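What follows is the residue order along each chain.
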6 protein chains.
Amino acid sequence: MKGREDILKIHTKNKPLSEDVNLHEIARTTAGFAGADLENLMNEAAINAAKDNRKYIIKEDVDKSFIKVGIGTERKSRVVPEKERKITAYHESGHAILFHVLEGVGPVYAVSIIPTGQGAAGYTMPLPENDNVFNTKGKILQDIKVSLGGRIAEEMIMDDITTGASQDIKQATAAARAMVVKYGMSEELGLINYETDNEEETFVGRDIGHQRMLGEQTAAAIDKEVKRIIDECYADARRILEEYVGVLHKCANLLLEKERIDREEFEALFDDAGAVTE
Amino acid sequence: MKGREDILKIHTKNKPLSEDVNLHEIARTTAGFAGADLENLMNEAAINAAKDNRKYIIKEDVDKSFIKVGIGTERKSRVVPEKERKITAYHESGHAILFHVLEGVGPVYAVSIIPTGQGAAGYTMPLPENDNVFNTKGKILQDIKVSLGGRIAEEMIMDDITTGASQDIKQATAAARAMVVKYGMSEELGLINYETDNEEETFVGRDIGHQRMLGEQTAAAIDKEVKRIIDECYADARRILEEYVGVLHKCANLLLEKERIDREEFEALFDDAGAVTE
Amino acid sequence: MKGREDILKIHTKNKPLSEDVNLHEIARTTAGFAGADLENLMNEAAINAAKDNRKYIIKEDVDKSFIKVGIGTERKSRVVPEKERKITAYHESGHAILFHVLEGVGPVYAVSIIPTGQGAAGYTMPLPENDNVFNTKGKILQDIKVSLGGRIAEEMIMDDITTGASQDIKQATAAARAMVVKYGMSEELGLINYETDNEEETFVGRDIGHQRMLGEQTAAAIDKEVKRIIDECYADARRILEEYVGVLHKCANLLLEKERIDREEFEALFDDAGAVTE
Amino acid sequence: MKGREDILKIHTKNKPLSEDVNLHEIARTTAGFAGADLENLMNEAAINAAKDNRKYIIKEDVDKSFIKVGIGTERKSRVVPEKERKITAYHESGHAILFHVLEGVGPVYAVSIIPTGQGAAGYTMPLPENDNVFNTKGKILQDIKVSLGGRIAEEMIMDDITTGASQDIKQATAAARAMVVKYGMSEELGLINYETDNEEETFVGRDIGHQRMLGEQTAAAIDKEVKRIIDECYADARRILEEYVGVLHKCANLLLEKERIDREEFEALFDDAGAVTE
Amino acid sequence: MKGREDILKIHTKNKPLSEDVNLHEIARTTAGFAGADLENLMNEAAINAAKDNRKYIIKEDVDKSFIKVGIGTERKSRVVPEKERKITAYHESGHAILFHVLEGVGPVYAVSIIPTGQGAAGYTMPLPENDNVFNTKGKILQDIKVSLGGRIAEEMIMDDITTGASQDIKQATAAARAMVVKYGMSEELGLINYETDNEEETFVGRDIGHQRMLGEQTAAAIDKEVKRIIDECYADARRILEEYVGVLHKCANLLLEKERIDREEFEALFDDAGAVTE
Amino acid sequence: MKGREDILKIHTKNKPLSEDVNLHEIARTTAGFAGADLENLMNEAAINAAKDNRKYIIKEDVDKSFIKVGIGTERKSRVVPEKERKITAYHESGHAILFHVLEGVGPVYAVSIIPTGQGAAGYTMPLPENDNVFNTKGKILQDIKVSLGGRIAEEMIMDDITTGASQDIKQATAAARAMVVKYGMSEELGLINYETDNEEETFVGRDIGHQRMLGEQTAAAIDKEVKRIIDECYADARRILEEYVGVLHKCANLLLEKERIDREEFEALFDDAGAVTE
């Protein structure tokens, strides 16, 4: 973090900063950013300031820039049908509430129903994670629950479900499958690597690689474990969203009104609700 | 839509328009058209006018152009055997009635039994859809029913069925399968991605991709769900077409007489029939 | 057909025709011929006339040319063993009788036991079909029966069966399989596409293609349906050939005597037999 | 055959022939030879004559040439261990007796235990077959029996069996499998093509090709039929060789003595034995 | 070893050595190092000395160099979160204790929680093994237990498990699988090679290679044996770590304090504990 | 053999030979050597003589050369740990005793525990086989037993088994599998080729090749037969080595003492033991 703050200082040497821009704070929220990302971040902020004919960079310039670097340019020009806006608002609120309530993920930096250049209908952006060398079983399970939260909110509130969750489902499945076949996190399957790819392994300096073919029983056991993990995460995530259904409605409505809400606005929804963090 | 109307204005600046050409209306019916499509549409309309030695573009010029851009040039020169014309008339009427009766799809812009350059024996053309970022489960099921409607009409009226439905069957299968393996829309299979392709996944910024091999039980469950979805859509679509069998005969006969009928002519068939929209 | 007659007129402008050459009749029997095929047909006829030092084209010139364009040059030079000639005569008679008796296929233009350049021991040539955009279930079943007719005739008359039916079997299997996996013509399997290839599908403008893997139960059900279709067609075709066994002998004997018989000669065999067309 | 005799006359125009060289007879025994093969045959014969400083070609020159063109040069230089010579003698005698006794194959032109350039330990050479366009089920079964005869003779006489039959087994399996999956010659499996390759089929002028996947039951049924065919051919071939065990010993002994025996010598073995041809 | 000492002498001819540098000792601990590795080792040591402006190489220079050549440069600059440091400390202690306690592996040269250039969070470095031509079943089982030790320590002490064991799991699985399919070390499966790859084999000078397809029963038996081996190794390794849980805590705490501990420091932990080596 | 003696004479024309060099004897022991191998053999022998500053080649020069051509250069420089030397001595003694005792294989030319350039820990070298065109079932079974002998000796004497048998296991498996799938040497599976590769077959001059897919039952039956063959060979080889356990110890001890023993030394071990050759 110290390194990031130093890099930020270098890249803002010739750029006057408003008082509300706190490089120490920015360094704290950009864990995982490479040097080039940080340079990119401040350059975009300077461009934002220039567009408004300001000589100095303000906090909002940095915020806009932060989202652009992480998510891509927002695409405000597209006119979104009202039904699609509403579905997106609930979908993103589902993700966001789980990020907030579940331990070990989040906090939420911004929630938005403005379509992005990458073709997403909206986004929920957590603060970047620490750049850990490894991940934990607990954290992976929380991430799966967050992924499923968008679809669950659709199911709870709308009378129909959408294809918008396909990328979430893909990520949740990949994570659950990796737990079972690669990380030895299923008691049923044990501390065994079940990947079927062809690559050569090296065991204590000797080549003992070969192509693996799994028996049908093993393939079935893997499928069953993946489904069990997803189903349990689904049940847990649904339970939480049902508990916080009041926040869900308030969050979706605020999004429909403001299109994008930031951390403070989002977290205030919980204060009012009096909901207890798990 | 506003943007489309503006683009249409630009591309008709030098083209005199008849009073029956309403750019606002055209903009409404061309959702999903890119700028190039709109330019193409008006150029073709101008060519149609020129062919008739008219200085101004009339509504019919735009209509012809609209079909050409969407479906391809009609191929009137081919002499179609009477039996083939009759089968095609019922097949297209089956699609068209389902577009009209089912909620969330349609309305029908034109129905035709004029062979097209793409090798189709006819076509049913709905108004273009909104350019949604996502699709819903309800809408996909309606689309499957519409796809199956052509074959169902053949079965109900003719004493034989044709290969003409193969593309419809392919689309319906692909849609039902995607519901199950990609969009998590089958309660039986859950919110899991069952695609077996090789591509690398990225999970929250880390590579955990690997080749997936499904167990035999899972493969069987997927097959069963796909069949259940198609069979239920078939039953529903058949029930509707049997209810509207009077319109089916009238529509097919009108097609045999006029070769192509437009929205007004098509919808009038329902008024007479006194049929109630579901 | 009108178009074909016109094209024929153009390509015979500079070629004197004998009175027995009827362009209207030729146009009728060349449905499915492209313009180039028709030009080819008349050029070959002119060459045939030239070979005989005639200044005008006679009907026989056109007939020879018609077979060459459709089947390939006959290869009279090869000396065929008597046993092979006899098997071929019955094999082709089996095909020909089914073409004649079954509704919706045929009529037979020529039957021959003269080996062709493509390595066939003989051929049965129906009049070209109409150039339909689609095919029907009934017509496909008749085609399968015709394909099986050659082998069935061998089984009925000869004391041995040959490898000569392998191409017929391949075609019949491909047709039966397509009925089941592509055309939704099996009630058991439903309106589902079971093709396992890799190609991307497009569903109402969105890519939802993926590689399909069928469960073992589905694969078994497909195999069973394909076998049922072939077995039923076999039984029906055999019943007919047993009914027409008198024509079968007469046809084979006439072929052994004349090597090639035309439509009139072939159909006369039925008049004598007093057989009733199904 | 007439054509072959004419070609032989052309290629011997400048080569004086001994009186024992009968071109008519040579034409009779070279069915299936192309023009180039015949030219090759007479050129080799001329070379043989030249090696012996003869101005004219004698029958023996043609015989040697005939074997060289059909089998490859004999490789007399290799010293063959006595045990290997004995096994080879019985192995080839097994093939030869079945060629002679079974209807529809043979007659045997030569039997030899001289190693060939292609790495065979010996050979049994039938007269070339007619160049039929097709083959029969009866003939294929006889060919399978002949293929198995070598191994069967080993089993009957020697106390060990050899790898020398692997090519025979490969041919017998390929033939039995083709009967089942390609030629519709198994009543159990029916007139269905079960080949699993990828190639596109064309059915009455329309593409309906696709990749085939067989169910496990079908795969098992094919395996069972192939085994049944081979096992029945084995039993039949063994019965015959046990009946002719006297000829088997005489033939093997004559081969050990003379290394190569011709048709007359071979057939004489049966006269003495008084064995009845099946 | 004599050879290595000679090579070391050559590469230190022009480099003054401190008295604590014992080339004989270094030769003993570098079994398996090629000549280039040894040259590399001493050059790095010289560079380390130069960095400290020393004219002579001391033991610490060689130690640092030894780790760099074997593991890669340490990456001290990265700031590691405290939770990650603790997990890593227990993970590496788990490996290290098993290296020490199990017969036939180890001794441990160094244990560290300093991240490395290769992306590892820490490392446990045994003395290099002798360069044996083969490995034993007993040694492979010990290696598997060592591999599993990191994850087991996580499970025992922390309230969560991490993805950090994925490489350990991959190695343990590859080793267990090789025991079963390649080294004939499973009584259940016997002295049979079950590798399914395509490569051609040569048997006593003859090619008998072919593609192998294993039956489902065999595939299941292999999966079961691999799981049995891993599960038994897991149970044994866990039993040991539970016995040495006191050393585990002390080792982890020392690592958190000093970041890297050497052989003497590590082994001293056992003296205090009074634990008996198995 | 005569040919080899002649070739040896040519390649020793300019090389004086000691009286103990017997070209006739060398020719007898080099069956299977090509001309180039023989030239290579004598050139190496001449080089060996030159190294000792001798003008003439002695028998030992030829012996060394013979091993180098057959096995590769010995690598005496590597220092082998005592445990590895002992395992290797028993492993090679196991191979050697089976070569000697079993009929139809051997005799043993040399046994050694000197590592070779190809990475083997030792070798047992039989006299080269005759260059047979084929192999027998009996001989293949003996070869399998010899292959398994190394591992069996390890199991009997040492308290651990090694990976050193992996190449032996690979060869034994390939041989047993070929017996079943290629050579028709399993009564259970019959005279059928079960290879699954893709290559085109030619049956009596016609292409009937196609890709083979085996049913699961067949695959299981093949696996079972391969295991039965290996298990029976294992039992037989173990029985023999237990009978000759005295020779096994003497042979291993002699190898540990002398590193390489020749035919005479090896065979003398049996005289003393008074063991009866099977």
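Residues numbered from 1 in each chain as written. Chains lettered and ligands numbered in written order. Predicted model: local features only at pLDDT ≥ 70, side-chain atom pairs only at ≥ 80, totals over all residues. Heavy atoms only, no water.

1. A closer look at the overall build of chain A
The number of helices and strands found in chain A is 10 helices and 5 strands. Accessible area for chain A stands at about 12,200 Å²; split by element, carbon and sulfur atoms hold 48% of it. (Helix = DSSP H or I, 4+ residues; strand = E, 2+ residues; numbered from the N terminus. Areas by Shrake-Rupley, 256 points an atom, 1.4 Å probe, with all protein chains shown as cover.)

2. Some points on the nonpolar core
Most often, soluble globular proteins have nonpolar side chains that are buried together. If you look at the biggest cluster of nonpolar residues, it comprises 357 residues, and the most contacted ones within it are Ile144 of chain A, Ile144 of chain B, Ile144 of chain C, Ile144 of chain D, Ile144 of chain E together with Ile144 of chain F. The contacts of Ile144 of chain B, once residues within four sequence positions are left out, are Ala172, Ala175, Ala176, Met179, Ile229, Ile230 and Cys233 of chain B. (Core = buried A, V, L, I, M, F, W, Y, C linked by side-chain atoms within 4.5 Å. Buried < 20%, exposed > 50% of the residue type's maximum accessible area, 1.4 Å probe, protein only. Contact = heavy atoms within 4.5 Å.)

3. Thoughts on the sheet that holds strand β1 (residues 108-112) of chain F
Think of a sheet as strands paired side by side through backbone hydrogen bonds, with each pair either parallel or antiparallel. Residue and element names in this part refer to chain F. Reading across from one edge, β2-β1-β5 is the order of the 3 strands in this open sheet, with antiparallel pairing throughout. Both edges of this open sheet fall to β2 (123-126) and β5 (260-262), since each of them pairs with a single strand only. The average angle at which neighbouring strand axes cross in this sheet is 10°, direction not considered. The sheet contact formed by β1 and β5 spans 3 bridges and is antiparallel. Of the residues in β5, the one forming a bridge with Val111 is Ile261. Running at roughly 15° to β2, helix α5 (residues 82-101) makes contact with β1 and β2 of the sheet. Along the sheet face, helix α9 (residues 245-258) touches β1 and β5 and points at about 120° away from the line of β5. (Pairing = 2+ DSSP bridges. Axes fitted to C-alpha atoms, helices over the stretch in contact; angles between N-to-C directions.)

4. Some thoughts on the packing of helix α6 (residues 137-157) of chain B against helix α8 (residues 216-243) of chain B
Residues and elements named next belong to chain B. Between α6 and α8, whose axes approach to 8 Å, the crossing angle comes to 60°. As the angle between them shows, α6 and α8 are arranged oblique. As for the relative orientation of α6 and α8, their crossing is right-handed in sense. Residues Leu141, Ile144, Lys145, Leu148, Gly149, Ile152, Ala153, Glu155 and Met156 of α6 pack against Ile229, Ile230, Cys233, Tyr234, Asp236, Ala237, Arg238, Leu241 and Glu242 of α8. When the residues that make up the contact of α6 with α8 are grouped by side-chain class, the tally is 12 nonpolar, 1 polar and 5 charged. (Parallel < 35°, antiparallel > 145°, perpendicular 65-115°, else oblique. Left-handed = near helix turned anticlockwise from the far one by under 90°. Nonpolar A, V, L, I, M, F, W, Y, C, P; charged D, E, K, R; others polar.)

5. Remarks on the environment of Met42 of chain C
All names here are of chain C. Among the secondary structure elements, Met42 is positioned in helix α3 (residues 35-51). Of the residues examined, Met42 reaches a relative accessible area of 0% and is grouped as buried. Taking the C-alpha atoms as reference points, Met42 and Ser65, 23 residues apart in sequence, are found 7.5 Å from one another.

6. Digging into the pairing of strand β1 (residues 108-112) of chain C
Residue and element names in this part refer to chain C. Burial analysis of β1 places 5 of its 5 residues in the buried class, which makes it a mostly covered element. Strand direction decides the pairing type here: β1 and strand β2 (residues 123-126), joined by 4 bridges, are antiparallel. Pairing of Ala110 across the sheet is with Met125, part of β2.

7. As for the environment of Glu103 of chain A
Residues and elements named next belong to chain A. Within the secondary structure, Glu103 sits in the loop between α5 (82-101) and β1 (108-112). A relative accessible area of 63% means that Glu103 is categorised as exposed. On a C-alpha basis, the gap between Glu103 and His24 in space is 25 Å, while along the polypeptide they are 79 residues apart.

8. Description of the environment of Val62 of chain F
Residues and elements named next belong to chain F. Looking at where Val62 falls in the secondary structure, it is placed in helix α4 (residues 59-71). A relative accessible area of 6% means that Val62 is categorised as buried. Those residues within four positions of Val62 in sequence are excluded, and the remaining contacts are Val21, Ile26, Leu41, Met42, Ala45 and Ile57.

9. So, the sheet that holds strand β1 (residues 108-112) of chain E
All names here are of chain E. Strand order in the open sheet made by the 3 strands is β2-β1-β5, with antiparallel pairing throughout. The sheet is open, and its two edges are formed by β2 (123-126) and β5 (260-262), each paired on a single side. Strand-to-strand twist of the sheet, defined as the mean angle between neighbouring strand axes without regard to direction, takes the value 10°. The sheet strands contacting helix α9 (residues 245-258) are β1 and β5, and the helix crosses β5 at an angle near 120°.

10. Description of unusual backbone geometry
Within the chain, Glu259 of chain A stands out as a residue other than glycine whose phi angle is a positive 70°. One can find Glu259 of chain A in the loop between α9 (245-258) and β5 (260-262).

11. Considering the confidence of the model for chain A
Residues and elements named next belong to chain A. In this model, chain A carries an average pLDDT of 84, and 85% of its residues clear a pLDDT of 70 or more. In the model, residues 198-211 has pLDDT below 50 throughout and makes 37 contacts with residues more than four positions away in sequence or in other chains. On the interface metric, ipTM, the complex scores 0.76, and its pTM is 0.80. (pLDDT = per-residue confidence, 0-100.)

12. Digging into the packing of aromatic side chains
Counted by the stated rule, this structure contains 12 aromatic pairs over all chains. Look at Phe266 of chain B and Phe270 of chain B: their rings are 5.3 Å apart centre to centre, the planes differ by 75°, and that puts the pair in the edge-to-face class. Here Phe266 of chain B pairs with Phe270 of chain B, and both are found in helix α10 (residues 263-273), just 4 residues apart, close to one helical turn. On the accessibility criterion, Phe270 of chain B (5% relative accessible area) is buried. Taken together, the ring pairs connect Tyr244, Phe266 and Phe270 of chain A into an aromatic cluster. (Phe/Tyr/Trp six-rings, centres within 6.5 Å; stacked < 30°, edge-to-face > 60°.)

13. What about the pattern of salt bridges?
This model, assessed by the stated rule, comprises 114 salt bridges over all chains. Taking the shortest distance from any N to any O, the salt bridge between Arg54 of chain B and Asp52 of chain B comes out at 2.9 Å. Where Glu265 of chain F meets Lys258 of chain F, a salt bridge forms, and the shortest distance between an N and an O atom there is 2.0 Å. Residue class for Glu265 of chain F comes out partly exposed when judged on its relative accessible area of 24%. It is possible to trace a salt-bridge network through shared partners that takes in Lys145, Asp236, Arg239 and Glu243 of chain A. (Salt bridge = Lys/Arg side-chain N within 4 Å of Asp/Glu carboxyl O.)

14. Remarks on the packing of helix α5 (residues 82-101) of chain B against helix α9 (residues 245-258) of chain B
Residues and elements named next belong to chain B. The N-to-C vectors of α5 and α9 enclose an angle of 130°; their axes lie 8 Å apart at closest approach. Considered as vectors, α5 and α9 are oriented oblique to each other. Along this stretch, α5 crosses α9, giving a crossing that reads as right-handed. Note on element contacts: α9 touches α5 through Val247, Leu248, His249, Cys251, Ala252, Leu255 and Leu256, opposite Glu82, Arg85, Lys86, Ala89, Tyr90, Glu92, Ser93, Gly94 and Ile97. Grouping the amino acids of the contact of α5 with α9 by side-chain chemistry returns 9 nonpolar, 3 polar and 4 charged.

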